[in-house]
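Here's the letter readout for the chains.
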Amino acid sequence: MDYVVRTNRLAKKVKGHEIVSNINLRIKKGEIYGFLGQNGAGKTTIMKMLTGITLPSSGEIELFGQRLTAKLKNTLKRVGSIIEYPIFFEHLKALENLKIHCEYLGFYDEHAIKEALDMVHLKGVEDKLVKDFSLGMKQRLGIARAMITKPELLILDEPTNGLDPIGIKDIRDLIRMLNKEYGITFLLSSHILGEMEQIVDRIGVMNHGRLLNEVTMAEIRKQRTDYIELVTTDVQKTVYLLENELQISNMKIIQGNTIRIYDLSISQIDISKMLALHDIGIEEILKHTSSLEDYYYEQIHGGGNVV
Ligand SMILES: Nc1ncnc2c1ncn2[C@@H]1O[C@H](COP(=O)(O)OP(=O)(O)OP(=O)(O)O)[C@@H](O)[C@H]1O
């Protein structure tokens, strides 16, 4: 298996307290991997260790199959990142900011700068002052800056934080495009489940400094069970009617008065019509579609496996 990132029992201690422990992370080449976890779960700390901003207290990091050591800092050239949020010289133009960054890196290539701006669709605003950029444009400029050296892995910490729905969609589309067209592997973090669900191939659930589970979105979708939830004025009679009038057998009663129907070949409308015909009052009927949110809460509250 071609892994871009592998960590082995990675841990970080701060003032005697372990803020992340025993992290065995695996990110495959070409995938969009998402770290999911509440504030303070340890996502940023791991990203800082992967980008060489912070040193691990123990454990190992392997990037592109090579162990990351002080001597092999060159490997980090293959990684681009925005950790926390991108900081610019606000009173300078976008292009000037990128040029300064290149000079600082000792890598000056005007063509690469123009190409990066083009990739994130910021061509035409390179002479605009950064202070006049929207948050979404700044995020895109941050991605352009991280892309100048043509990294194979981009690490973006909460890339859609603070953006409005259109800005969020723009960044999502940009990440997808960079992944598909340029084959860039991504490590993203977010605490917004719905957002991650729409973009990642695989997720790692972080909780209190531990990586609980790594699972593909395809696996989550396969496991999910959708059902219709029904509350009526007469549970026993409803069950009898569902079985005999609509031939539904896959259902269960929960909390005494709620029926969950797992047979979705019969619509809510048919159920409602049939019950109305038999004078059964419906207090509630709704379709429940399980999602990443269900999986996440199961992991956090059900004590998911540590990987
Ligand atoms: N330098 C530090 N000194 C003390 N505590 C720290 C330090 N860095 C991080 N922590 C603590 O470690 C925990 C993990 O922080 P981290 O920033 O990695 O979490 P996170 O999952 O990225 O959350 P957020 O989304 O809020 O950034 C937090 O409780 C944080 O307060």
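Residues numbered from 1 in each chain as written. Predicted model: local features only at pLDDT ≥ 70, side-chain atom pairs only at ≥ 80, totals over all residues.

Naming follows an unreviewed UniProt entry, where the protein appears as ABC transporter ATP-binding protein of Paenibacillus mangrovi. In UniProt, the protein has this text filed under Sequence similarities (unreviewed entry): "Belongs to the ABC transporter superfamily." (UniProt positions renumbered as here; feature names shortened; annotations may be inferred.)

A. Just the site of the ligand, in detail. Residues in close proximity to the ligand include Val14, Ile19, Gly37, Asn39, Gly40, Ala41, Gly42, Lys43, Thr44, Thr45 and His191, which together make up its full environment. Looking at which element gives the most residues to the shell around the ligand, the answer is helix α1 (residues 43-50), with 3 residues. Considered class by class, the residues forming the shell around the ligand number 3 nonpolar, 7 polar and 1 charged. (Near = placed C-beta within 6 Å. Helix = DSSP H or I, 4+ residues; strand = E, 2+ residues; numbered from the N terminus. Nonpolar A, V, L, I, M, F, W, Y, C, P; charged D, E, K, R; others polar.)

B. The nonpolar core, seen in detail. Ranked by internal contacts, the top residues of the largest apolar core, which has 59 residues, are Ala144, Ile155, Phe186 and Leu187. Among the elements that take part in this core, helix α4 (residues 135-147) stands out by supplying 5 residues, more than any other. Beyond its immediate stretch of four places on either side in the chain, Ala144 contacts Leu98, Ala116, Leu117, Met119, Val120 and Leu122. Core analysis: the next-biggest nonpolar cluster, separate from the first, contains 6 residues, Ile228, Ile259, Ile261 and Leu275 among them. (Core = buried A, V, L, I, M, F, W, Y, C linked by C-beta atoms within 7 Å. Buried ≥ 20, exposed ≤ 12 C-beta atoms within 10 Å, placed from the backbone. Contact = placed C-beta atoms within 7 Å.)

C. Geometry of the sheet that holds strand β11 (residues 210-216). With mixed pairing, 6 strands are arranged side by side in an open sheet as β7-β8-β9-β4-β10-β11. Strand pairing shows two members of the sheet lacking a second neighbour, β7 (79-82) and β11, which therefore form its edges. Adjacent strand axes in the sheet meet at a mean angle of 15° when their direction is disregarded. Relative to β11, strand β10 (residues 202-207) runs antiparallel, the two sharing 6 bridges. Paired with Gly204 across the strands is Glu214, a residue of β11. (Pairing = 2+ DSSP bridges. Axes fitted to C-alpha atoms, helices over the stretch in contact; angles between N-to-C directions.)

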